[in-house]
Amino acid sequence: MGFIPWSRINTWRCNGCGLCCKEFEVVLTFKEWLKITNTYGAGVTKIGLNKFFMGKKPDGSCIFLYRAPDGRWLCGLQRNKPLACKLWPFKILSKPKYGKPREAAFKYGDRKFYVYVDPFCPGIVWGAPSAELVYRVIPEFIEIALGLRQNQLYSTMQLTPSFYIIKTKRDYRLI
């Protein structure tokens with residue numbers, strides 16, 4: 001099944017299942033690759049024919065995917081997360097690539113975008129679009145795609161208040 005227009009979903013919320021980090025190959029831009037390799041070393045990425053990719057563990061999952069104490073999966077790259085990861089399961093396009101342009105059209109300011117969603121994601125709730133989807137979720141994805149926003153609020157998994165990040169001399173830990 002291919003991508004579907006945003007107007008067919010009620011809302012979306014990341015549930016921390018980790019499927020996106022286990023099932024997909026993440027292509028990196030040169031700038032993303034450079035930032036990640038400068039921070040973590042070249043061994044966390046791989047180079048293909050004219051492309052850079054996020055590294056994988058032997059089980060096929062992203063090298064930065066780890067399990068939180070509550071069982072959800074988290075990304076260890078929050079501040080350096082590639083754009084492809086920030087946007088999944090949404091595709092923000094300037095032209096209707098996956099059909100149904102009327103259903104995929106989304107007006108943001110004075111611009112029109114075509115927004116599609118990958119139905120593979122279990123965080124999708126099907127139905128008539130909710131106000132949260134229309135006024136918070138999709139605009140945040142568009143702002144991220146345009147480079148207007150770096151920090152994610154509605155376009156990433158929400159951690160419960162029971163999670164705290166502790167800074168030690170050597171690393172950051174999630175407890």
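Placed above this text is the structure.
Residues numbered from 1 in each chain as written. Predicted model: local features only at pLDDT ≥ 70, side-chain atom pairs only at ≥ 80, totals over all residues. Heavy atoms only, no water.

Q: I would appreciate a short explanation of the overall build of the protein in the present structure.
A: Along the protein, the regular secondary structure elements total five helices and 13 strands. Counting only residues that meet the buried cut, the protein has 38% of its 175 residues in that class. Residue pairs in contact within the protein that sit at least 24 positions apart in sequence constitute 66% of those at least 6 positions apart. Of the roughly 10800 Å² of accessible surface on the protein, 57% is carried by carbon and sulfur atoms. (Helix = DSSP H or I, 4+ residues; strand = E, 2+ residues; numbered from the N terminus. Buried < 20%, exposed > 50% of the residue type's maximum accessible area, 1.4 Å probe, protein only. Contact = heavy atoms within 4.5 Å. Areas by Shrake-Rupley, 256 points an atom, 1.4 Å probe, with all protein chains shown as cover.)

Q: Mind showing me how you'd approach the environment of K86 here?
A: Relative to the helices and strands, K86 resides in helix α3 (residues 83-87). For K86, a relative accessible area of 9% puts it in the buried group. Between the C-alpha atoms of K86 and Q152, which are 66 residues apart in sequence, the distance is 8.0 Å. A polar contact of 3.1 Å, which involves the side chain of K86, links it to the backbone oxygen of Q150. (Polar contact = N/O pair within 3.5 Å; in protein donor to acceptor, adjacent residues only side chain to side chain.)

Q: Would you take a moment to explain helix α5 (residues 131-146) for this structure?
A: Helical geometry note: an α-helix holds 3.6 residues per turn, so side chains three or four residues apart project in the same direction. Between its terminal C-alpha atoms α5 stretches 22 Å, which fits the 22 Å expected from 16 residues at 1.5 Å a residue. For α5, the principal kink sits at V137 and spans about 25°; a proline, P139, occurs within the next four residues. For α5, the set of buried residues is L133, V137, I138, P139, E140, F141, I142, E143 and I144. Check the buried side of α5 and you find it contacts β2 (9-12), α3, β8 (90-93), β9 (105-108) and β10 (111-117). A positive phi of about 80° marks G147, the residue just after α5. (Expected span 1.5 Å × (residues − 1). Bend = angle between axes of the 7 residues up to and from the residue.)

Q: Help me understand the sheet that holds strand β5 (residues 51-54), please; the structure alone is not making it clear to me.
A: Strands in a sheet are paired, the pairing made by backbone hydrogen bonds, and the direction either parallel or antiparallel. With antiparallel pairing, the three strands of this open sheet are ordered in space as β3-β5-β4. Every other strand in the sheet has two partners, leaving β3 (27-28) and β4 (45-48) as the edge strands with one partner each. Bridge analysis of β4 against β5 gives four bridges, and the strand direction is antiparallel. Across the sheet, residue T45 finds its bridge partner in β5, namely M54. (Pairing = 2+ DSSP bridges.)

Q: Can you help me understand the side chain of S130 in this one?
A: Mapped onto the elements of the fold, S130 is located in the loop between β11 (124-126) and α5. A polar contact is formed between the side chain of S130 and the backbone oxygen of N10, at a distance of 2.8 Å. Apart from the residues lying within four places of it in its own chain, the contact partners of S130 are N10 and T11.

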